[in-house]
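# Descriptive analysis of the structure
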Amino acid sequence: MKTIKLYQIAHARSGDKGSNSNAGVVFYTRAGYDLGCELLTPERVKTHLQSIVKGEVTRYELPNLRALNFILGDSLGGGGSESLQNDAQGKTHGQAMLLMTLDVPDDFPADDVGI
Amino acid sequence: MKQLVRIGNGQGFWGDSIDAPVRLVEDGPLDYLTLDYLAEVTMSIMQRQKEKNPQAGYARDFVELIDRILPTLMKKNIKVIANAGGVNAPAAAEALQAVARKHGVNDLKIGIVEGDDILSRIDELVDQGATFENMDTGAPFSEIRDRVKSANVYIGAFPLAEALSRGAQIVLAGRVTDPALALGPMIHEFGWQPDDVDKLALGTLAGHITECGAQCTGGNYSRWWEVPDYAGIGYPIIEIQPDGEFVITKHEGTGGVVNLMGVSEQILYEMGDPKNYISPDVVVDFTTFNLKDEGNDRVRIDTVKGGPATPFYKVSMSYFAGYKASGQLTISGPRAYEKAQKVAEIVWERLKRTGYTFQDTRTEYLGISSCHGDINPVPKQINEVVLRLSVRDEDKNTVNRFGKEIAPVITNGPPGITGFAGGRPKAQEIIAYWPALIPKELIQTRVTVV
């Protein structure tokens, strides 16, 4: 096994949904998507983002886009104009997702992108 | 019937590039220009402006834009659909007519779509059975009813299409869904009906992709280092056919990029359950299409599955929820992070000793952990850090007292602190958001053409 960062096999975008944020993670390859479905469980994502996400994590699958959509519950300090957070709209939560560390087989192709 | 219609979006939110719509109408072929001017809090600001002045309450930026582009719009016969009417579309139309006369255009037809603003009808609608409970939390409307500042229904694309069918060159709406701004012209051009759910789904998907302007042409794009000419980024254009098949593209020669990566990212933007993307016109299943990259900044989608619209409109209310303020200080030099932590401790302790308490406070270290918490460890060597302190409270004076406690620590605390500009942080009103549903039969939209 080797250790990689999620950004080596996927890209992401995030935004706000009321007092939650959402982070869409798109995998570069089908193999990456299949691995992501296995490794990026809601529990795992919640653990990775525990200092951001106060509520539940919900996951939706979009195989047509090789993508997973995560709803990050109660992650905006109230959201919108109520929030005292610097990132009140979760604009940066996609980048936070990409910092996740994954254990993958040694021969798993992982693009060494320069993020 | 036209076999190809080009719809460009030149404004993704209130405050977006003022030149993007000019470039869209001037730099290539275009049939329709859509523009979004309304953020969640905008409506309450506009209601207040209208209370003070019955001729205000709409997006003045839009009138300034039309002053810049009207000759091109007339020459190229480009039609404009915007939610710039805010809470006073008739006043916006009057201002536009004055601009048109200035340009020697005396026959400008403006469509006005109303019926979304229900602020003055709340009691009546409650009597008719609307409950307005919070659709996210289930909380009862009574919690906020006496503090409501604005209340608007998100209406759909059909009234916009009607205004176009009645000859409007510019359509002014208040609160409509963002994708509807693009779907309206498609319904008008191709005669789509409410039960053409797959076509409406395609049009809604296209409008969803372009609604945030350049976010589908290279903006907010993960591989940012690969994007050519960010400075000249092109805003998106939908090229759509009568059967709903469409291409997302941008004008030739503009900067940015349209490809599978950026379009995929934008499809997921602000997405909930992808199988149930609910608009007033249709329910779209976002798991039922494929993207095709045709090269040359063109991404095509040919089919998507739609379902019948729900019997509800979404309501967006805003209400007064107290005050907040934030203050920032830049802390530099040896042990910068430790000093910043000390400064925060000093400020909060001083406020505590004055006897003031707050409903909520927040301490953030910009440059270290404000966005991502403790995902990454704190670097060993930090040159400088910005300390951001914030409070929230029902009482305005309490929040303003906090604002007076930021600057003093520059001279009576640790060394190397700067970056305090713009005066004391002042209490800002918090205008909070309350989403609800309302049965469609309680809402009547009105279209007039003047």
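All of these numbers come straight from a predicted model, not from anything done at the bench. Each residue is numbered by its place in its chain's sequence as written, counting from 1. Here the convention is simple: chains get letters from A, ligands get numbers from 1, in the order in which they are written. Local features are withheld for residues below a pLDDT of 70 in this predicted model, meaning they are given only at 70 or higher, and side-chain atom pairs are given and counted only at 80 or more; totals for whole chains, interfaces and linings count all residues. The side-chain quantities take in all heavy atoms of the structure and omit both hydrogens and water.

Residue and element names in this part refer to chain B. By this definition, two strands are paired if DSSP reports at least two bridges between them. The secondary structure listing takes helices from DSSP runs of H or I that are at least 4 residues long and strands from runs of E that are at least 2 residues long, numbered from the N terminus. Pairing is mixed across the open sheet formed by 10 strands, whose spatial order is S11-S12-S8-S7-S1-S2-S3-S6-S4-S19. Only two strands of the sheet have a single neighbouring strand rather than two, namely strand S11 (292-295) and strand S19 (446-449). Taken pair by pair, the neighbouring strands of this sheet meet at an average axis angle of 20°, ignoring direction. The pairing of strand S7 (residues 237-240) with strand S8 (residues 246-249) spans four bridges and is classified as antiparallel. Residue Glu239 lies in a different strand from S8, and its bridge partner there is Val247. The strands that helix H7 (residues 178-190) touches are strand S1 (5-11), strand S2 (32-35), strand S3 (79-82) and S7; relative to S2, the one it contacts most, it runs at about 150°. Each axis is a line fitted through C-alpha atoms, and for a helix only the stretch in contact is used; angles between axes span 0 to 180 degrees, taken between their N-to-C directions. Whether two residues are in contact is decided by their heavy atoms: any pair within 4.5 Å suffices.

Attention now goes to the packing of aromatic side chains. Here is the rule: rings of Phe, Tyr and Trp (six-membered ring for Trp) pair when centre to centre is within 6.5 Å. Planes less than 30 degrees apart are stacked, more than 60 are edge-to-face, and the remainder are tilted. On inspection of all chains with the given rule, the structure shows 12 aromatic pairs over all chains. On the numbers, 6.3 Å between centres and 70° between planes, the contact of Phe27(A) with Tyr33(A) is edge-to-face. Overall, the relative accessible area of 4% leaves Tyr33(A) in the buried class. Judged by centre distance (6.0 Å) and plane angle (85°), the ring pair of Tyr319(B) and Trp434(B) falls under edge-to-face. Note that Tyr319(B) is positioned in strand S14 (residues 312-332) and Trp434(B) in strand S18 (residues 428-439), a separation of 115 residues in sequence. Judged by its relative accessible area of 10%, Tyr319(B) is buried. The classification of residues rests on relative accessible area computed with a 1.4 Å probe and restricted to protein chains. Under 20% of the type maximum is buried, over 50% is exposed, and intermediate values are partly exposed.

Covalently bonding the sulfur atom of one cysteine to the sulfur atom of another cysteine gives a disulfide. All names here are of chain B. Working definition: a disulfide is two cysteine sulfur atoms within 2.5 Å of each other. Within this structure, the stated rule accounts for zero disulfides over all chains. There is no disulfide at Cys212, and the cysteine sulfur nearest it, in Cys216, is 8.7 Å away. We classify Cys212 as buried; its relative accessible area is 17%. Free of any disulfide, Cys371 has its nearest neighbouring cysteine sulfur in Cys212, separated by 19 Å. The partly exposed category is assigned to Cys371, whose relative accessible area is 25%.

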